[in-house]
Amino acid sequence: MSLPSFICIGAQKAGTTWLDAQLRKHPSIWMPPMKEVHFFDYLFREDFRKWIGHHINAVLKRELFKLVGDKNKKIDWKRIHYLSELATYPEGVSEGWYKKIFSYAPHGSVRGEITPEYSTIGEDGIKYLLELIPDVKIIYIIRNPVARAWSQLKMNMVRNGSLVKGESVTDEVFVENLNNPSIMDRGNYSVFVPQWDKYFTEGENILYIPFDDIQSEPQRLMSEIEEFLGLPKFSSYEGLSKVVHKGSETSIPGIVDAELQRMMTGEFEYLKTRFSASFNSRV
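None of the values given here were measured: they were computed from a predicted structure.

**As for the pairing of strand E3 (residues 110-114)**
Then, in step 1: Burial within E3 is extensive, with five of its five residues counted as buried.
Then, in step 2: Here E3 shows a buried face lined by Val110, Gly112 and Ile114 and a second buried face lined by Arg111 and Glu113.
Then, in step 3: In this sheet, E3 lies alongside strand E1 (residues 6-8) in parallel orientation, the contact comprising three bridges. Looking at E3, one finds that Phe6 is bridged to Gly112.

In structure tokens, the structure reads:
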């Protein structure tokens, strides 16, 4: 049965796009056309369903235009058929649809996907995931709670139009946007990590990664991930130091930093008890 061998579940704004770009370069790995499949959170986070549908349609449309946008390019009819099947699957987002995604993977490849929101699916979602893919391995990147939340806040504000390049933003607007539930929800380690720990064993089928290792030791980090996934060594990664999807360079206002420090106090305390001092110095 074609299903992923590994899944990266986040955290959001913690380098998952960088990891996706690197893993796609490994010759033994196959990953879906969309970075974020959103299958398990579609099932177990009903509040996500509307925007997930828009996301899937947009990604499939983008991939289709890559195939047909250049009239001088040879058309890959097999891939067009594959994308069309995903876009028009009769049951919509379902087990059959999820299996169809991975049916395109070459025989013998190591299949994987990255969807940060999976970290939020709760115990029912985790149990279902394990019933469907008993041998799956999980990668979870942990980032400093305030830095992660600030990155999330800026992304949210760019998307809702309240943060526009070249235009000034008052502190009050930043503070208002702190009320978005995703600021806490996507980085709620104190809730999510224990849920995954209950069903997975660190070092065996779940790997926690401190975010700063992406910048400070990218090659060593990729070697660690290769070993965890049982992959052959690969020495031709490119752009290991390249920032993918660079966010707004807006500096964090003091009032926002203070409020995020307050909001994330419990998360910092939890990380101190869950992970080593060395690990926490690198998140």
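And the narrative resumes.
**Re helix H10 (residues 189-199)**
Then, in step 1: Of the positions making up H10, those classed as buried are Tyr189, Phe192, Val193, Gln195 and Trp196. On an axial view of H10, the arc spanned by its buried residues comes to 160°, and they lie on one face.
Then, in step 2: Buried residues along H10 sit against helix H6 (122-132), strand E4 (137-142), helix H7 (145-160), helix H9 (182-185), strand E5 (206-210) and helix H14 (265-274).

**Brief notes about unusual backbone geometry**
Note: most peptide bonds trans; most residues except glycine with negative phi.
Then, in step 1: The step from Gly10 to Ala11 runs through a cis peptide bond, and the omega angle for that step is 5°.
Then, in step 2: Position of Ala11 relative to the elements: it lies in the loop between E1 and helix H1 (16-23).
Then, in step 3: You will see that Lys13, though not glycine, has its phi angle at about 60°, which is positive.
Then, in step 4: Secondary-structure assignment places Lys13 in the loop between E1 and H1.
Then, in step 5: Using a relative accessible area of 22% as the deciding quantity, one classes Lys13 as partly exposed.
Then, in step 6: If you check the backbone angles, His38 has positive phi at about 65° while not being a glycine.
Then, in step 7: Among the structural elements, His38 can be located in the loop between strand E2 (29-30) and helix H2 (39-44).

Conventions and cut-offs
Residues numbered from 1 in each chain as written. Predicted model: local features only at pLDDT ≥ 70, side-chain atom pairs only at ≥ 80, totals over all residues. Heavy atoms only, no water. Buried < 20%, exposed > 50% of the residue type's maximum accessible area, 1.4 Å probe, protein only. Helix = DSSP H or I, 4+ residues; strand = E, 2+ residues; numbered from the N terminus. Pairing = 2+ DSSP bridges. Arc of directions from axis to C-beta. Contact = heavy atoms within 4.5 Å.

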